[in-house]
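A look at the structure
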Amino acid sequence: MFRIFLQKKLHSGETKTEPTERPSKLKNRRIYERFAVDQKHLTVMNDQDILVIRDISVKGFASEVSERAYDRFALDDIYSARMRYHGKVQELDLKVAWKRERLVGFELYEPPTPTIIFFKNLVRPVQLAHSLSQVEASFMEDHEGMTWYHGEDVDLHIWINDAEGLAAWQLVADDQVVEWSAVHGIKTGVLRRQSFGETGINEPGEVLRFIDEHPVATRLRFASDIIASGTFPESADLSKSLDDLEIAI
């Protein structure tokens, strides 16, 4: 999904003995929720050290590193870095915030507003994917062969044909719509709530689905990132349906 290149050290932190245990008042303290990610998420240093990202938050990320790299990172080291994400490059500074058992925690260092927004957009698909859980769908129309996953501001419906496999799916996340079927291909769109005036007061109306004239690449990337971060069994099949598209995601 993304790669981070640590370019150069801007500041060397003090060499200090790292505590084997966090102070009790800091244990289990999670101001910023962290989300586990798989090994498709990598940071890469200039000297070819590869750091596997294990979790990410809007504050930063934690990486598993080699023993050689672990010894080289010192607490409060500051690095300039470049992140490449879907072809877009973001410049940022990172600080070594903590070290433990070959894990190194990097925090955004004095991030400007564009960097904060960039990281929030980066984390959002992972957050949505991790909130998904399967729910009962038998009460719904057209539920035969359908599996429904629901989460925080996200719903995913998947239809499986016993004979042919994946038949269709629909993802609605943050009011964005992406759907695919073996018959009709890919579509994107958005949900909008209509409003109407009554006695001079605006009242909420029906939520309507508006389909784009042509699939929108940003919506497809958003869906692709959610699906790639998902742990549901059909994730690989859904990713393949997007990989087969001729549209550049």
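Read on for an overview of the structure. Everything quoted here is computed from the prediction, not taken from an experiment.

Structural notes on the environment of tryptophan 169
Mapped onto the elements, tryptophan 169 comes out in strand E12 (residues 165-173). Owing to a relative accessible area of 1%, tryptophan 169 belongs among the buried residues under this scheme. For the pair formed by tryptophan 169 and threonine 147, sequence separation is 22 residues and the distance between their alpha carbons is 9.3 Å. Sequence-distant contacts of tryptophan 169, that is, excluding residues within four places in its chain, are made with Leu156, His157, Ile158, Trp159, Val178, Glu179, Trp180, Ile186, Ile227, Leu238, Ser241 and Leu242. Among the polar contacts made by the side chain of tryptophan 169, one reaches the side chain of serine 241 at a distance of 2.9 Å.

A few points about the pairing of strand E6 (residues 78-85)
Put simply, side chains in a regular strand alternate between the two faces of the sheet. Counting buried positions along E6 gives 6 out of 8 residues, so the element sits mostly inside the fold. For E6 and strand E7 (residues 88-100), the ladder comprises 8 bridges, and the chain directions are antiparallel. Its bridge partner being in E7, tyrosine 79 is matched across the sheet by leucine 94. The turn linking E6 back onto E7 is made up of 2 residues, and histidine 86 within it adopts a positive phi angle of 50°.

Brief notes about helix H3 (residues 217-229)
The terminal C-alpha atoms of H3 lie 18 Å apart, and with 13 residues this matches the ideal 18 Å at 1.5 Å per residue to within 8%. Every buried residue of H3 is listed here: Arg219, Leu220, Phe222, Ala223, Ser224, Asp225, Ile226, Ile227 and Ser229.

Digging into the side chain of threonine 147
Summarising the element assignment, threonine 147 is placed in strand E10 (residues 146-151). Its relative accessible area of 16% is what places threonine 147 among the buried residues. If we ignore the near neighbours within four places in the chain, the residues touching threonine 147 are Gln134, Leu156, His157, Ile158 and Glu234.

Rules and cut-offs
Residues numbered from 1 in each chain as written. Predicted model: local features only at pLDDT ≥ 70, side-chain atom pairs only at ≥ 80, totals over all residues. Heavy atoms only, no water. Helix = DSSP H or I, 4+ residues; strand = E, 2+ residues; numbered from the N terminus. Buried < 20%, exposed > 50% of the residue type's maximum accessible area, 1.4 Å probe, protein only. Contact = heavy atoms within 4.5 Å. Polar contact = N/O pair within 3.5 Å; in protein donor to acceptor, adjacent residues only side chain to side chain. Pairing = 2+ DSSP bridges. Expected span 1.5 Å × (residues − 1).

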